[in-house]
Amino acid sequence: MNGTIQAPSIEYALLAPVLVVFGAAIVGVLVEAFAPRYLRSAIHLPLTLLSLAGAFALAVWQAVKGVPTKPAAMGAVAVDGPALFIWGTILILAFVSVLLIKDEEHFVGSAAAVPGSAEEEQSLVERAAHTEVYPLVLFAVGGMLLFPAANDLLVAFVALEVMSLPLYLLCGLARRRRLLSQEAAVKYFLLGAFSSAFFLYGTALLYGFAGSVDLAKINQALGAVGGQDTLLYIGAAMLGVGLLFKIGAAPFQAWKPDVYQGAPTPITALMASGTLVAAFGALLRVFWVGLGGLDWDWRPVLYGVAILTMVVGAILAITQTDIKRMLAYSSIAHGGFLLIGVIATGQTQAENTSALSGLLFYLVAYGFTTVGAFAIVTMVRDPGGEAWHLSRWAGLGKRSPLLAGTFAFFLLAFAGIPLTSGFFGKYAIFQAAVANGAMPLVIIGVVASAIAAFFYVRVIVLMFFSDPAADGPSVVLPSRGTAAVVGIAALATVVLGVYPQPVLDLAHTAAQSLFVR
């Protein structure tokens, strides 16, 4: 018997975008350990931005060179067209979010200090900063990249934890409303731990069914293994719970408004864009690649989840008085619209490609718009911090017409008004669903969009057709980073709404190379 152990074959060039981000995160940890405090920010910011830009360049280079024909790392990571497209999307959104994060006024000076204590006051006076934010963001982004590309359920679980754990910490670092921020972090951690447990237990049950955690082998076992249906269905259901929690789908959405409200707004922007893109990428890979042969069983379940998510998100958003909670429920509703794309599987490769390309385009369009909206939120201030209550936004269009107009434009994009990116995003999703026989779901989606338009228009009316209060909020002069974020998001929303074809073609090309077998 040969006792030698073969070394695994790792295609480092294919995994270079992920490795660059993780490598920069490790360097960031070393900077925290050895660099003087006064130099850390000056090192972290260029390191973070350059690593994200470098990883994006490597992902583009890989796509131009040619999409691989088989998964990398002994089948554990699928570097196919959808993965490369999602990597590029996440890296751009993360780069833009870091431009918001660099404004350290959003983060507490000393997270260990008790809110309201002398230690906290001293950290504010000394202008202390938590520069650990940068390596934590890079670790989270690295997890976001690995999660949708994982072709193995154990790798997906590791990626899920690498993505989530830094975000739990980052949510508790808000400079203002610290108790609310810490409450958000604890809620996110506890509920996230439950969802991770569901995901891992579902993985164990599917391993018991198929004898493997490889998605392709699980799919092959669907037609070959008999008498194990209990393990299969319970495992798939528990895996679905873990994934649906991450996208904030109803009835697993309760964490989202609380976390979005309490987290520092730049972190909320990163979560609302990058985390959503990564989670949907992972959901697609698990259900289309690993459980594709079981679609007649999971489609009706996701059908109901999509309807509930759209309705809950749209209706509960109407009742909100906090601007960040309103945007959180808007995100929930958009998660329901995106689920329509997941459900819109067809009988042919062309039908599946159409649904997948529409979903990829929607993720890009929504990601840019939501980062821009949260960037606007950081600029409207009360003496105690951001003007979170909607009543404080009354008359903003008269105080600062350019800012209010830009925010109104983002809200109209969320509503799916023509000549915005949101219109073509919804059109692409709904068109694929109609072509694949999901017309009732599209009708409900259109009704939910109409309901959602009400609360978007309500904010616009409040800003432009109400008189500003004498003690109304001020609009701070944006830093260069914040101004760049708003400009990039607005430009992307306009371009994708007026001339979406290049990105639609790119998404279509990427969707054709999904590793199904």
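On a predicted model such as this, the values are computed, not experimentally measured, just so you know. (Residues numbered from 1 in each chain as written. Predicted model: local features only at pLDDT ≥ 70, side-chain atom pairs only at ≥ 80, totals over all residues. Heavy atoms only, no water.)

Engineer: Please clarify how helix α5 (residues 133-149) should be interpreted in this entry.
Structural biologist: Given 3.6 residues per helical turn, the α-helix brings residues three or four places apart onto the same face. Taking 1.5 Å of rise per residue, 17 residues should cover 24 Å, and α5 covers 25 Å from first to last C-alpha, within 8% of that figure. Burial runs high along α5: 16 of the 17 residues are buried. (Helix = DSSP H or I, 4+ residues; strand = E, 2+ residues; numbered from the N terminus. Expected span 1.5 Å × (residues − 1). Buried < 20%, exposed > 50% of the residue type's maximum accessible area, 1.4 Å probe, protein only.)

Engineer: Quick question: what am I supposed to make of the nonpolar core here?
Structural biologist: Grouped together as the largest cluster of nonpolar side chains are 171 residues, with contacts concentrated most on Leu 339, Trp 393 and Phe 407. Setting aside anything within four residues of it in sequence, one finds Trp 393 in contact with Ile 323, Ile 376, Val 377, Val 380, Ala 387, Phe 407, Leu 462 and Met 463. (Core = buried A, V, L, I, M, F, W, Y, C linked by side-chain atoms within 4.5 Å. Contact = heavy atoms within 4.5 Å.)

Engineer: Hey, could you run me through the sheet that holds strand β2 (residues 385-386) in this one?
Structural biologist: The strands making up a sheet are joined through hydrogen bonds of the backbone, oriented either antiparallel or parallel. Strand order in the open sheet made by the three strands is β2-β1-β3, with antiparallel pairing throughout. The strands lining the two open edges of the sheet, one partner per strand, are β2 and β3 (474-475). Pairing analysis gives two bridges linking strand β1 (residues 380-382) to β3, with the strands arranged antiparallel. From the neighbouring strand, Val 380 faces β3, where its bridge partner is Val 475. (Pairing = 2+ DSSP bridges.)

Engineer: Any chance you could explain the environment of Thr 203 here in plain terms?
Structural biologist: Inspection of the secondary structure assignment puts Thr 203 in helix α7 (residues 178-210). For Thr 203, a relative accessible area of 3% translates into the label buried. Separated by 20 residues in the primary sequence, Thr 203 and Glu 183 have C-alpha atoms spaced 30 Å apart. Apart from the residues within four sequence positions on either side, Thr 203 is in contact with Leu 153, Leu 154, Val 213 and Leu 239.

Engineer: Got a minute to help me understand the side chain of Arg 381 in this structure?
Structural biologist: Tracing the sequence through the fold places Arg 381 in strand β1. Residue class for Arg 381 comes out buried when judged on its relative accessible area of 12%. Aside from chain neighbours lying at most four places away, what touches Arg 381 is Glu 105, His 106, Glu 386, Ala 387, Pro 473, Ser 474 and Val 476.

Engineer: In this structure, what is going on with the packing of aromatic side chains? I would like to understand it.
Structural biologist: In this description, an aromatic ring pair is defined by two values, namely the gap between the centres and the angle between the planes. The final tally for this structure, using the stated rule, is 16 aromatic pairs. With centroids separated by 4.9 Å and ring planes inclined at 10°, the aromatic side chains of Tyr 188 and Trp 255 adopt a geometry described as stacked. Of this pair, Tyr 188 sits in helix α7 while Trp 255 sits in helix α10 (residues 255-262), and the two are 67 residues apart along the sequence. With relative accessibility at 0%, the residue Tyr 188 sits in the buried group. For Trp 255, a relative accessible area of 3% corresponds to the buried category. Ring geometry for Phe 423 and Tyr 427: centres 6.4 Å apart, planes at 15°, overall stacked. Taken together, the residues span about one helical turn, with Phe 423 and Tyr 427 both in helix α17 (residues 421-435) at a distance of four residues. Note on Tyr 427: relative accessible area 45%, which makes it partly exposed. Taken together, Tyr 168, Tyr 188, Phe 189, Phe 245 and Trp 255 form an aromatic cluster joined through their ring pairs. (Phe/Tyr/Trp six-rings, centres within 6.5 Å; stacked < 30°, edge-to-face > 60°.)

Note that every value here comes from positions in space, so none of it alone points to a role or purpose.
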